[in-house]
Amino acid sequence: MKRAIVLAIAALCIICASCSETLQKSQSIFYGMFDTQITVTAYTKTENEFSRLLKIFSYEMGWLNDDFNIYESKSGKGIKTINASAGIAPVKASDEVLELLAFGLMAYEASHGAINMAIGPVTALWHDARQAAGNDQPVQIPSQEALSQAAALTDLGFLKIEGDMVFLEKAGMSLDVGAIAKGYAVQKVAEKLIDEGFDCFLIDAGGNVMAVGAPPNGLWKIALRNPDLKSSEPFYDILNVSGVACVTSGNYERQFEAGGFWYGHIIDPDTLQPAQTYASTTVICESSADADFLSTALFILPINEGKALASLYNAQAIWIMPDGSCETTDGYSAMSENY
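Right, let's walk through the structure included here. Everything numeric in this text was worked out from a predicted model, so none of it was measured.

Quick word on the side chain of Asn-226
- Within the element layout of this structure, Asn-226 appears in the loop between β9 (220–225) and β10 (235–241).
- In this structure the side chain of Asn-226 is engaged in a polar contact, spanning 3.3 Å, whose partner is the side chain of Ser-231.
- Residue contacts for Asn-226: discarding those within four places in its chain leaves Ser-231, Glu-233, Pro-234, Phe-235 and Tyr-236.

Next comes the structure, spelled out in structure tokens:
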């Protein structure tokens, strides 16, 4: 049974004049996984080899999407089932979900609570407001009372994991793994592709990029989107990288307007409000899983705390401010075309 409902289109094979004659650059786009467009680019010897890469990618990414999805799932061993069983009964979770939850607990400790996958009851209130705005319906901003009541259900101490059984002890609890799931999935799939013998490919999952190896004619070029959507310059910077992940967090895509104010989707667990200090944060490090949680954590934390956290993971980062200025870690300029 196919576990992913996706559409792969535009398999474009281009023989690069500057590349080896035995390699061709191919690209394909997927829709329907992790609520984003995913582009896979690779250098392979034949079209059949690229087709095999796509088949592996589609299968692996598809069932991870199913397990990690909080809205739709068929597996019965994923996050959606765990949330639906909160306060009722433990759920037998898949190995991948158990690994993701262990990673989420680590991210919570490392970020001093900035990344809390139990924040689901709070983010659900903001999600409903954003959905109403997107459907041109009256928008009700969550009240502080409602947010405080939801926050009472975000204690990770009530997440119990025994063997392969997972239980949210309080009714109304829910996991939101949006800050960790996509990066973790990209990392797992990249590792699988490497195990299958592929050594030069790039996965771009809606701002979550994993660059494996390097093209025959140089480094991978990654464009950082300008968070100022009104600017005539679509890109803020260009990075030249190989063998790293690059993940950006920002509020410029999933934001909504209500009462003359703009609200983003990244919620600060301390204030229960959308974080607004930065326009975007981008993290570059070896692991896509680490880069994903770090980019969100750095979007929430004060910049000094963010730099300290980034250094623990040998990560480089750039913080773009609402006024268009930026601040970077010391090693960022080595891969940047602009700084």
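Let's talk about unusual backbone geometry
- For Phe-34, which is not a glycine, the phi torsion comes out positive at approximately 55°.
- Residue placement: Phe-34 occurs in the loop between β2 (24–33) and β3 (36–44).
- Residue classification places Phe-34 among the buried residues on the basis of a relative accessible area of 13%.
- Phi is positive for His-112, close to 55°, though the residue is something other than glycine.
- In this fold, His-112 is placed in the loop between α3 (95–110) and α4 (120–134).

Description of the packing of helix α1 (residues 47–68) against helix α6 (residues 181–195)
- It is the contact of α1 with α6, at a shortest axis distance of 10 Å, that shows an interaxial angle of 150°. It follows that α1 is roughly antiparallel to α6 by the angle criterion. For α1 against α6, the interelement crossing comes out right-handed. Facing α1, whose interface residues are Leu-53, Ile-56, Phe-57, Glu-60, Met-61, Leu-64 and Phe-68, α6 presents Ala-181, Tyr-184, Ala-185, Val-186, Lys-188, Val-189, Lys-192 and Leu-193.
- For the contact of α1 with α6, the class distribution of residues is twelve nonpolar, no polar and three charged.

A closer look at the nonpolar core
- Judged by nonpolar contacts, the single largest core of 75 residues is most densely connected at Ile-38, Leu-53, Phe-57, Met-61, Phe-68, Ile-82 and Phe-201.
- With near-sequence residues (within four places) excluded, Ile-38 lies in contact with Ser-28, Ile-29, Phe-30, Met-33, Phe-57, Met-61, Ile-203, Asp-204 and Ala-205.
- Counting residues in hydrophobic clusters, the runner-up holds 19 residues, among them Cys-200, Val-209, Ile-222 and Val-241.

What counts as what
Residues numbered from 1 in each chain as written. Predicted model: local features only at pLDDT ≥ 70, side-chain atom pairs only at ≥ 80, totals over all residues. Heavy atoms only, no water. Helix = DSSP H or I, 4+ residues; strand = E, 2+ residues; numbered from the N terminus. Polar contact = N/O pair within 3.5 Å; in protein donor to acceptor, adjacent residues only side chain to side chain. Contact = heavy atoms within 4.5 Å. Buried < 20%, exposed > 50% of the residue type's maximum accessible area, 1.4 Å probe, protein only. Axes fitted to C-alpha atoms, helices over the stretch in contact; angles between N-to-C directions. Parallel < 35°, antiparallel > 145°, perpendicular 65-115°, else oblique. Left-handed = near helix turned anticlockwise from the far one by under 90°. Nonpolar A, V, L, I, M, F, W, Y, C, P; charged D, E, K, R; others polar. Core = buried A, V, L, I, M, F, W, Y, C linked by side-chain atoms within 4.5 Å.

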